[in-house]
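Architecture and fold: a report
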Amino acid sequence: MNFLKRRPRFFILLTLVVLATVTVTVLLIIQAYKMETLSPREERDRAASGAAVPSGQVDCRKAKCIALTFDGNPGEPTVRLLDLLKEYRAPSTFFLEGRRIHKFPEVVRRIAVDGHEIGNHTWTHPALTDISDARIRAELKRTERAITDITGSKPTLMRPPGGRTDDRVSKVSKELGMAQVLWTVTAKDYATDDSALITKRVLAGADRDGIILLHPLHKGTVPAMPAILKALSKQNYTFVTVSQLLAPSKAEPGKIYR
C-alpha cells in the first residue's frame, strides 16, 4: 500500500529527471552551434594574396566546389560506395570510427589509394562533451593510431560524433593536431531508409562550398548516391575533399569548420 501511495511521486520524479536530461542535451548542442565556426570560403579569403593551391588540385576560389563526407566504420557497403565515387570522379572525406578499422584494412587502404581523405571519428562514437578530457584524448588517439598503422598517414581532421563539441574538445583536438569538421547539410539518413527522401534532402541543401554529411552503413544511403552524384554533377559541382575545399588555406588544429 505504501508503494502504491508513492507511485505518483515516483513517476513525477522520473519525468523531471528525463526532462532535465533532455534539457541538458539540447543546451549542449546549442552551445556547440554557438561556438565560433569557420567557413571554407572565409578561410580561402584569408589566405595570402596570390597563394596557389597544390599542383593539379582544383581551385575552389574559381570552381563551384562541394565536399561529400561519410561517417562511420569502413564495413560493407563502403566498397560499393567507393565504386560509385570513382565512377563520378568524386574525391570525398571519410570520418572513420576506429573500433572496426582493423576488420577492414583493405577497404581503409582503398579509401586512401583512391584519393579520398580519411578523418578521425573517435573509437566508440561517444558524445565528447559528456566524457572526460582523458577519454576524449584516448578515443581520438586510439583511432589515429589505427588509421596511421594501415595507411601510413596521420589524420589531421576529426568530426565530433553528433557535432557535439565545446572548449574542452577543441583544446584536446588542438593538442592532437586535428581540426574539427561539422557540416552544412545532413540528409538525416540515420532516421530513414527512404533513398528518394535522402536524395531530396541533400539536393535541397546543397550549395557552393557546402559540406554534406552522410552515413554509408544506413540502408538507404548508398542506393541514394547515384542520383545524388548525377544531380550534383549536372549542376556543375566539382567534388572535393574537405582539405581541398579549404585550399590554399589549411585547417588549423582545434578550430571548427563548417
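Residues numbered from 1 in each chain as written. Predicted model: local features only at pLDDT ≥ 70, side-chain atom pairs only at ≥ 80, totals over all residues. Heavy atoms only, no water.

Below, the discussion takes up the overall build of the chain. Looking only at helices and strands, the chain has nine helices and nine strands in total. A buried classification covers 47% of the 258 residues belonging to the chain. In the chain, of all internal contacts separated by at least 6 residues, the share reaching a separation of at least 24 is 76%. (Helix = DSSP H or I, 4+ residues; strand = E, 2+ residues; numbered from the N terminus. Buried < 20%, exposed > 50% of the residue type's maximum accessible area, 1.4 Å probe, protein only. Contact = heavy atoms within 4.5 Å.)

Counting across every chain of the model gives 15 salt bridges. Note that Arg-61 is salt-bridged to Asp-59, the shortest N-O span being 2.9 Å. Exposure remark for Arg-61: the relative accessible area of 34% places this residue in the partly exposed category. The buried category is assigned to Asp-59, whose relative accessible area is 14%. Ionic pairing is found between Arg-99 and Glu-97, a salt bridge with its closest N-O pair at 3.0 Å. For Arg-99, a relative accessible area of 44% puts it in the partly exposed group. Each of Arg-41, Arg-44 and Asp-209 takes part in one network of salt bridges that share partners. (Salt bridge = Lys/Arg side-chain N within 4 Å of Asp/Glu carboxyl O.)

Bringing helix α7 (residues 195-205) into the picture now. Ser-195, Ile-198, Thr-199 and Val-202 are the residues of α7 that are buried. Here the buried residues of α7 occupy an arc of 100° about the axis, which is enough to place them on one side. Of the exposed residues in α7, the ones pointing more than 90 degrees away from its buried face are Ala-196, Lys-200 and Ala-204. Its side-chain oxygen 3.0 Å from the backbone nitrogen of Ala-196, Asp-194 forms the N-cap of α7. (Arc of directions from axis to C-beta. Polar contact = N/O pair within 3.5 Å; in protein donor to acceptor, adjacent residues only side chain to side chain.)

Once that is clear, we can look at the state of the cysteines. Tallying each qualifying case throughout the model produces one disulfide. Here Cys-60 is linked by a disulfide to Cys-65, with a sulfur-sulfur distance of 2.2 Å. The S-S bond linking Cys-60 to Cys-65 shows a torsion near -90°; that makes this disulfide left-handed. The class of Cys-60 is buried, set by a relative accessible area of 0%. Residue classification places Cys-65 among the buried residues on the basis of a relative accessible area of 0%. (Disulfide = S-S within 2.5 Å.)

A separate point is the environment of Leu-217. Among the secondary structure elements, Leu-217 is positioned in the loop between β7 (210-214) and α8 (221-234). For Leu-217, a relative accessible area of 36% gives the class partly exposed. A sequence separation of 142 residues divides Leu-217 from Gly-75, and the C-alpha atoms of the two residues are 7.6 Å apart. Here Leu-217 is in contact with Asn-73, Gly-75, Glu-76 and Pro-77, once residues within four sequence places are set aside.

Moving on, we get to the packing of aromatic side chains. Under the definition given, this model contains one aromatic pair. Between the NZ or CZ atom of Lys-64 and the centre of the ring of Tyr-237, over which it lies, the distance is 4.2 Å. (Phe/Tyr/Trp six-rings, centres within 6.5 Å; stacked < 30°, edge-to-face > 60°. Lys NZ or Arg CZ within 6 Å of the ring centre and 35° of its normal.)

Let us now look at the side chain of Ser-249. Mapping Ser-249 onto the fold places it in the loop between α9 (242-246) and β9 (256-257). Apart from the residues lying within four places of it in its own chain, the contact partners of Ser-249 are Glu-43, Arg-44 and Ala-47.

One can describe the packing of α7 onto α8 by two numbers: an axis separation of 8 Å at closest approach and a directional angle of 40°. For the element pair α7 and α8, the recorded crossing hand is right-handed. Together, Ser-195, Ile-198, Thr-199, Val-202 and Leu-203 of α7 and Thr-221, Pro-223, Ala-224, Ala-227, Ile-228, Ala-231 and Leu-232 of α8 make up the contact between the two elements. Class assignment of the residues belonging to the contact of α7 with α8 gives a composition of nine nonpolar, three polar and no charged. (Axes fitted to C-alpha atoms, helices over the stretch in contact; angles between N-to-C directions. Left-handed = near helix turned anticlockwise from the far one by under 90°. Nonpolar A, V, L, I, M, F, W, Y, C, P; charged D, E, K, R; others polar.)

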